[in-house]
Each structure stands twice: as C-alpha cells, then as structure tokens.
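A look at the structure
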Amino acid sequence: MYGERELEAFVAVVDSGSVSVAAERLIRTQPTVSRQIASLERQIGAALFRRMPHGMVKTYAGDRLEPMARDLVRRGRRAREVMTGVVQKERSFVAAAPEMTSVLVLAPFIAGGGPISDVVVATPPETYDRLRSGADLAVTTSAPDSRLSSVRVMTLPLLCQMPASHPLAVHERPELQEMLAAPFLTSGTGSAAWTQIQRAAEGEGWSTEMAGFGADAPIIQARSSAGHGPCVVVEPPRFGLVSRPLHHRGRPMQCALYASWERTHYAREDIRDVAEQLTEFAADHVRGLYDPAAEIEGAAGDSRQVERAARA
C-alpha cells in the first residue's frame, strides 16, 4: 500500500503544478516532497510527472493515480478525524449544500451544537459530487441517487411571492396555471422549484416560456420586489414580499430536503445519527420560518421510513 504522506505529496504537486509550492502547502521541505514523489514512482514503476517549463504535468500513470490518491488521502484524513472524535466523544463532519440551505438550515443547526465542522457550498446539481471530494454529507433539495443512503429531512412548500400590489397577492392559494400566464421568476436548471414547475406544466401541456431565472433566492426575490413579476422559491419571504403556497389543481406544490451519504462510508452509522438530528432540528426550528398557511407537510415520520429503507 502506498504511504499516505507520499500520496499527499503527489496530490499537492498535482494541485499546484510545482514541487516547491506543494512543499509550502504541506509545510515540508522541497527535498522531502521530491523524495516522496520519487519513492512513489519507484513503487509504481512509472514516472508520475513530466517536468515542463510551465510546471509539473501528469503522465498517463499520474492521471490514472490521481482519483485513487485523492480518495485515499481524503479517507485517511477523515478516519483520523472520526477516531479523534470517538476518543474525545465529539463527532464532526463536513456537509455539502447550496448556499441558502447552508444559511437557513445548516448554520442554525451548527449553532445549536450540530456535529458539523464545515459546509462546502455548491449548486444543487453539484452538491452530490462533493461527496467524492471531501464532504461526508450532502443536504439539498435535488433527489439523491439510489446508490446513496438518504433521509428526507423535511418537506418544503413552493412559495409564490410577490409585492402586495400584484394581482396574485389577493389569492390565498394561487394556482400554477394562472402564474404561468404572465412573466415570473425562479431558480434555474437543477433547482427544486423549477423541476416541480416543469414537471407539472409538461404533464398538462402548459408553456413555461414566460419564466425568468436568477442566480439564487435573494436575487430572485429582490427582482420580484422591484416589479419583475412573482417569484417561486422555497425560502421564506424577504424585501416585503407577500408569500403564498403555490398550488396545482388545488393541491400544494412541494419538494423535499434530503440528507444523503455514501453507503460505503466507514462512518455511515455516525452520519446517520447526524441526519436524524438534523431532521429533528428542522421539525422544531426550520418549520418556524414559514407562515403556517404555507401548508408544510410534516416529514419526521416519513424520513424515518426512508431511513429504515436506507438501512436495508
């Protein structure tokens, strides 16, 4: 088995393109890093880098080794962190989540003592990719891959928000069909709101060509407040917007917030416990951010059912 310090040196040189820069990042001497790379090359029986005028460039062998080296280094670091937590009776994990999920859900959870040490911010489609590059837990509204263990943390309403002067504001339960008839705003591809809108509209044969998109909820809400049409988000209202649960044929439109992790993760039992804690926290605290009229479906029982299935 290749040594962890040698693999760390290899990854650092790949990331920096320089032995000297890699040495600085690792707080090692340049000769030490050079020896570690040379030792790794001897064990493999092939050169891992070509020394070019613009820096160190991976060979074919180096290119093949890179994903395995990153995985081994990451798992080695996490193993030490987990065991330190076991000895000190403190668990701490890294979560990946979209920015607003981080702000509204994970930050309060951490402040309340939740065992998460850091959050890697990613777009909804990219959040699960972070499980392969350092994160232990992914928390997002995008549905998880069946190969992951998952818990449904809570159900979120799709909220139609607009200034009080907008015609839709007089309706307690605005309908999707009515909203689609005029310009409206929502998040782009991969967002839970847009996925639900597209799915319902396509099922009815309705056009979504009046949709406008924004980078994230605060920007979309700000544009709505400035008079660019109602917006559809899952976040609580801001900028003085009126918030109403969006309906489709009389039923509230909703999406789920999931917590997911790799089935083969060596700390999967501890991560499961974190997901359960997050679910309980969301039921007690996050739901309070929404108006009761938002018709949020309770998710605690459902998430336990999903969790039991994940253990199977």
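The present account deals with the structure reproduced in this document. (Residues numbered from 1 in each chain as written. Predicted model: local features only at pLDDT ≥ 70, side-chain atom pairs only at ≥ 80, totals over all residues. Heavy atoms only, no water.)

Right, let's get into the overall build of the protein. Helix and strand content of the protein: ten helices and 14 strands. When the 312 residues of the protein are sorted by exposure, 48% land in the buried category. Within the protein, residue pairs in contact and separated by at least 24 positions form 71% of the contacts whose partners lie at least 6 positions apart. (Helix = DSSP H or I, 4+ residues; strand = E, 2+ residues; numbered from the N terminus. Buried < 20%, exposed > 50% of the residue type's maximum accessible area, 1.4 Å probe, protein only. Contact = heavy atoms within 4.5 Å.)

On to the state of the cysteines, then. Under the defined criterion, the tally for this structure stands at zero disulfides. For C231, which is in no disulfide, the shortest distance to another cysteine sulfur is to C160 and amounts to 7.3 Å. (Disulfide = S-S within 2.5 Å.)

What follows deals with unusual backbone geometry. The phi torsion at F239 lies on the positive side, around 60 degrees, for a residue other than glycine. The backbone of R249 shows a phi angle near 55 degrees, a positive value even though the residue is not glycine. For R249, a relative accessible area of 58% translates into the label exposed.

Mapped onto the elements of the fold, E41 is located in helix α3 (residues 30–44). Within the buried core, E41 has no salt-bridge partner, and the shortest N-O distance to an opposite charge, that of R51, equals 5.2 Å. If we ignore the near neighbours within four places in the chain, the residues touching E41 are A46, A47, L48 and F49. (Lys, Arg positive; Asp, Glu negative; His and termini not counted. Salt bridge = Lys/Arg side-chain N within 4 Å of Asp/Glu carboxyl O.)

What follows covers the packing of helix α1 (residues 4–16) against α3. How two helices sit against one another is set out by the angle between their axes and by the gap between those axes. Taken N-terminus to C-terminus, the directions of α1 and α3 make an angle of 105 degrees; their axes are 9 Å apart at the nearest point. Taken as axis vectors, α1 and α3 run roughly perpendicular relative to one another. Taking contact as the criterion, the partners of R5, E6, L7, A9, F10 and V13 in α1 are, on α3, V33, Q36, I37, S39, L40 and Q43. A per-class count over the contact of α1 with α3 returns seven nonpolar, three polar and two charged. (Axes fitted to C-alpha atoms, helices over the stretch in contact; angles between N-to-C directions. Parallel < 35°, antiparallel > 145°, perpendicular 65-115°, else oblique. Nonpolar A, V, L, I, M, F, W, Y, C, P; charged D, E, K, R; others polar.)

What the five strands build is an open sheet, ordered β9-β8-β10-β7-β11; its pairing is mixed. Among the strands making up the open sheet, the edge pair consists of β9 (211–214) and β11 (242–245). The sheet shows a mean angle of 35 degrees between the axes of neighbouring strands, taken without regard to direction. As judged from the two bridges shared by strand β8 (residues 184–187) and strand β10 (residues 231–233), these two strands associate in the parallel manner. Note on β10: the bridge partner recorded for L185 is C231. Strands in contact with helix α7 (residues 192–204) are β8, β9 and β10; relative to β8, the strand with the most contacts, it is inclined by about 120 degrees. (Pairing = 2+ DSSP bridges.)

Counting buried residues in strand β14 (residues 254–262) gives eight out of nine residues, a clear majority hidden from the surface. Bridge count between strand β5 (residues 137–140) and β14: three bridges; the pairing is antiparallel. Bridge pairing links V139 to A259 in β14. As paired elements, strand β6 (residues 148–157) and β14 share nine bridges and run antiparallel to each other.

As a further point, take helix α2 (residues 19–26). What α2 keeps buried is the set V19, A22, A23 and L26. Projected down its long axis, α2 shows its buried positions confined to an angular sector of 100 degrees, all on one face. Counted as exposed and oriented over 90 degrees from the buried face of α2: E24 and R25. Against α1, α3 and β2 (55–58) lie the buried residues of α2. (Arc of directions from axis to C-beta.)

A separate point is the pattern of salt bridges. Inspection of the entire model under this criterion finds ten salt bridges. Across the pair R130 and E126 runs a salt bridge, and its minimum N-O distance is 3.6 Å. Taking relative accessible area as the criterion, R130 reaches 25% and is therefore assigned partly exposed. Close ionic contact of D145 with R147 constitutes a salt bridge, the shortest N to O distance being 3.0 Å. Residue D145 is classed as partly exposed on the basis of its relative accessible area of 33%. Taking the relative accessible area as the measure of exposure, R147 reaches 64% and is therefore exposed. One salt-bridge network, held together by shared partners, links D15, K58, D63, E66 and R70.

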